[in-house]
Amino acid sequence: MVYGYFNNDNSRDLVVLNQDDNSVNILLGKKDGNFPTEITFITGNTPFALKVADLNYDGVPDLAVTNENSQSISVLIGNALGNFESQTQYSVGNDPHALIFDYFNNDTHLDAVVSNYYDSTISMLLGNDDGTFQDQIVQAVGAQPSGLTSGDFNNDSILDAAVTNQSDNTINVLISNGNGTFQVVGMYQVGNGPDSLVSHDFNNDGLLDLAVVNFYETTVSILLGNGDGTFQQSVYYQAGPSPNSIISADFNNDNQSDLIVANWQANTVSVLFGDGHGHFLTLAAYDAGNTTSSVIVADFNNDNMLDLAVADYTGETISVLIRWANGSVQPKVQYAAGNQPRSMVATDFNGDNNTDLSAVNLGDNNLMLMLGNGDGTLQGRLTYMIPQASNSLVVGNMKNDNKSILILTNQNNTVEILSNCSYGTFQTTLMFATGRNPSSGLLYDFNNDKTLDLLVTNMNDNSVSVLLILGNGTVQNEMKFQTGRKPISLISGDFNSDNKMDLAVTNYDGRNISVLLGNENGTFQPQTMYTSGINPNCVISVDLNNDGILDLVVANQGDNTVSILLGNRNGIFQTQMKYNVGSGPSVVATADFNLDNKMDIAVVNQYSNNIDIMFGDKNMAFLTRQFFPTGISPSIILVDDFNNNEKPDLAVINKLSNNLMIFLNSCP
């Protein structure tokens, strides 16, 4: 089981691997901790382990599953609805067990490492920037490798790996060469049947250590790191019978790393509390259901304390254990899962700020998702699927009935309208053809009939589709208007002050933007092109110079600039003014961030991992700048007053860090 943010509602969602029916279930989370909706996805034969990561760098979590009996891994690319494309399989070794993602060849693309149990090898699959992987590179390790972890064990700023070898009771330390290959530099004795392992700094010396669960014993092995790629001999601590899953987290809020262990035969979860010196002095055990196969921690009830979720392999349930303020744990609450739930993750899959759960069911060969309610409970599982792979999602209200609808632009050249049903689920009610590869959408009343209409950019045929929506929710036939090459984003505004909505479109391969003036009846005049920078990725409209006329701001991802095109009242824009920003600007937003009554610009620099605030002045020089570091690969920005102090704040989602950062405005 893994967790992530799959449908952009700021709530954690879950993914569960179903090993026996070759599928994956998605459980979308709610603020109260409930998981009402299960979405099931097919995997390969006998799915075993599950991981979540943004493999194609689109800001949406993707999933990967090891398939024991297919000698493969399945990759399912996610979209913003909490759904996934059909699997793509990649060949690995015999009986793949564990899977990890990290940057092993220093090229900013996530790579995959898989342990092949019956081959006594690991497979390295180097990643591409579109979420695909290259053919495997095979390397021998110990007998029957099972668990994997990564970290910089020798402090050379290159990520290494460690693997448990279940049949010879050892672990291998694999030092990276920086090109996707490893040197096996160490083999260390641990307990009987080492299964899973985790790397963390347990003694606060700045060096990574290892913790290993020994399945055929009742112990955990701790190996303290020396910082040069070598480790000290194992020190053993008691867990429960047949420990098989381990994670590290600060479970009791004392700023020290603890260990949480799922005990297969004891039907319990053990927590070993760390003292910060590499010792684990206190053991607590919690009843967790039948044959506990996986454990994760997350804050399911939004009280800033970590809770537990456990997969019950033979009981076919997911148990959630909520932690009280005094540090004790409530009795488990069980939720129905699939057949033989084997692995779990937890995150906010639908963006509602609640933790959701996902698990793979080994016996069903699928994966399920459960949405959280935010109070520590999960919603019941209702199954639905969206078979099309989608590029973008728009929310709106077409029928003026206060019920939101979802509109998806699909890679099969359609637009799909999903009506809001009960329990927060959606069903497809209408589908319409568009141009080729619709990339983004926009809702607005373009023909003044008091009903929202839909515009879609079609990347592969260089056009915008206009779909006028009638008051009963049906859509008229598509109208197309020509743009430049590969239109990728669009914005509307009244550019010529005639009370009719116009369009601006960025043409990613054209080094320009298209402006289409509106005719009020939902049609547009032929485009006028304006030069921008290289690979314009995003455009917004705002009155920057306080003249009552909308201007355009464009993020040029290919030459690390922002273009400003000042508007004239007749709908014509002046020649661009270009400003150098950070590396890979992808998104822009505007607000008066320093409260001086002048518009400022916030630029998300995806490759330099920061936000550039360009403070406005009367000369449009933007001489004053301030940079704020973000996570890895920031991709989305939102301006709002999050703390209700009447000052604009920023929220940024970081693709490769899989997190959300809030920047509160500190201006006096």
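None of the values given here were measured: they were computed from a predicted structure.

Description of the nonpolar core
Counting residues in each nonpolar core, the largest one holds 30 residues, and the members touching the most others are Val553, Ile564, Val588, Ile601, Ile637 and Leu650. Sorting the residues of this core by element identifies strand S47 (536-542), strand S48 (551-556), strand S49 (561-565), strand S51 (585-591), strand S52 (600-605), strand S53 (610-615) and strand S56 (649-654) as the ones contributing at least two each. Setting aside its immediate chain neighbours within four residues, isoleucine 601 contacts Leu544, Val553, Ile564, Val588, Ala589, Thr590, Phe593, Asp612, Ile613, Met614 and Phe622. Residues Val92, Leu110, Val114 and Phe133 belong to the second largest nonpolar core, which totals 18 residues.

Re the pattern of salt bridges
Oppositely charged side chains may form a pair once their charged atoms are brought near each other. The full count for this structure, using the stated rule, is four salt bridges. The partner of lysine 486 in a salt bridge is aspartate 509, and the shortest N-O contact between them spans 3.7 Å. On the criterion of sequence distance, the pair formed by lysine 486 in the loop between strand S42 (479-482) and strand S43 (487-493) and aspartate 509 in the loop between strand S44 (502-507) and strand S45 (512-516) is long-range, its members being 23 residues apart. Its salt-bridge partner being arginine 625, residue aspartate 612 comes within 2.8 Å of it at the nearest N-O pair. Of this pair, aspartate 612 sits in strand S53 while arginine 625 sits in strand S54 (residues 624-629); the two residues are 13 residues apart in sequence, bridging distant segments of the chain.

Re the side chain of asparagine 458
Mapping asparagine 458 onto the fold places it in strand S40 (residues 453-458). Here asparagine 458 falls in the buried class, since its relative accessible area comes to 0%. Here the side chain of asparagine 458 touches serine 465 through a polar contact of 2.8 Å, side chain to side chain. Beyond its immediate chain neighbours, meaning those up to four positions away, asparagine 458 contacts Thr434, Gly435, Arg436, Asn437, Pro438, Ser463, Val464, Ser465, Glu478, Lys480 and Pro487.

As for the environment of arginine 323
Among the secondary structure elements, arginine 323 is positioned in the loop between strand S28 (317-321) and strand S29 (333-336). Note: C-alpha distance between arginine 323 and aspartate 307 (16 residues apart in sequence) is 5.4 Å. A distance of 2.5 Å separates a polar atom in the side chain of arginine 323 from the backbone oxygen of phenylalanine 251.

Examining the sheet that holds strand S50 (residues 577-580)
Taken together, four strands build an open sheet; the order of strands is S47-S48-S49-S50 and the sheet is antiparallel. With partners counted over all chains shown, the strands left at the sheet margins are S47 and S50, one partner each. For this sheet, the mean inter-axis angle between neighbouring strands, taken without regard to orientation, is 20 degrees. With four bridges connecting them, S49 and S50 associate as antiparallel partners. When the bridges of S50 are listed, valine 562 appears paired with tyrosine 579.

Some thoughts on the environment of aspartate 543
Note that aspartate 543 resides in the loop between S47 and S48. In sequence terms aspartate 543 and glycine 567 are 24 residues apart; their C-alpha atoms lie 8.5 Å from each other. The residues touching aspartate 543, leaving out its near neighbours within four places in the chain, are Gly548, Ile549, Leu550, Asp551 and Met599. A polar contact of 3.1 Å, which involves the side chain of aspartate 543, links it to the backbone nitrogen of asparagine 546. Within the structure, the side chain of aspartate 543 is placed 3.3 Å from the backbone nitrogen of aspartate 547, a separation counted as a polar contact.

Concerning the confidence of the model for the protein chain
For the protein chain, per-residue confidence averages 81 on the pLDDT scale, and residues scoring 70 or more make up 77% of the total. Low pLDDT, under 50, characterises residues 381-388; the predicted model gives this stretch 34 contacts beyond four residues in sequence or across chains. Taken as a whole, residues 420-427 scores under 50 in pLDDT and shows 22 contacts with residues more than four places along the chain or in a different chain.

Analysis parameters
Residues numbered from 1 in each chain as written. Predicted model: local features only at pLDDT ≥ 70, side-chain atom pairs only at ≥ 80, totals over all residues. Heavy atoms only, no water. Core = buried A, V, L, I, M, F, W, Y, C linked by side-chain atoms within 4.5 Å. Buried < 20%, exposed > 50% of the residue type's maximum accessible area, 1.4 Å probe, protein only. Helix = DSSP H or I, 4+ residues; strand = E, 2+ residues; numbered from the N terminus. Contact = heavy atoms within 4.5 Å. Salt bridge = Lys/Arg side-chain N within 4 Å of Asp/Glu carboxyl O. Polar contact = N/O pair within 3.5 Å; in protein donor to acceptor, adjacent residues only side chain to side chain. Pairing = 2+ DSSP bridges. Axes fitted to C-alpha atoms, helices over the stretch in contact; angles between N-to-C directions. pLDDT = per-residue confidence, 0-100.

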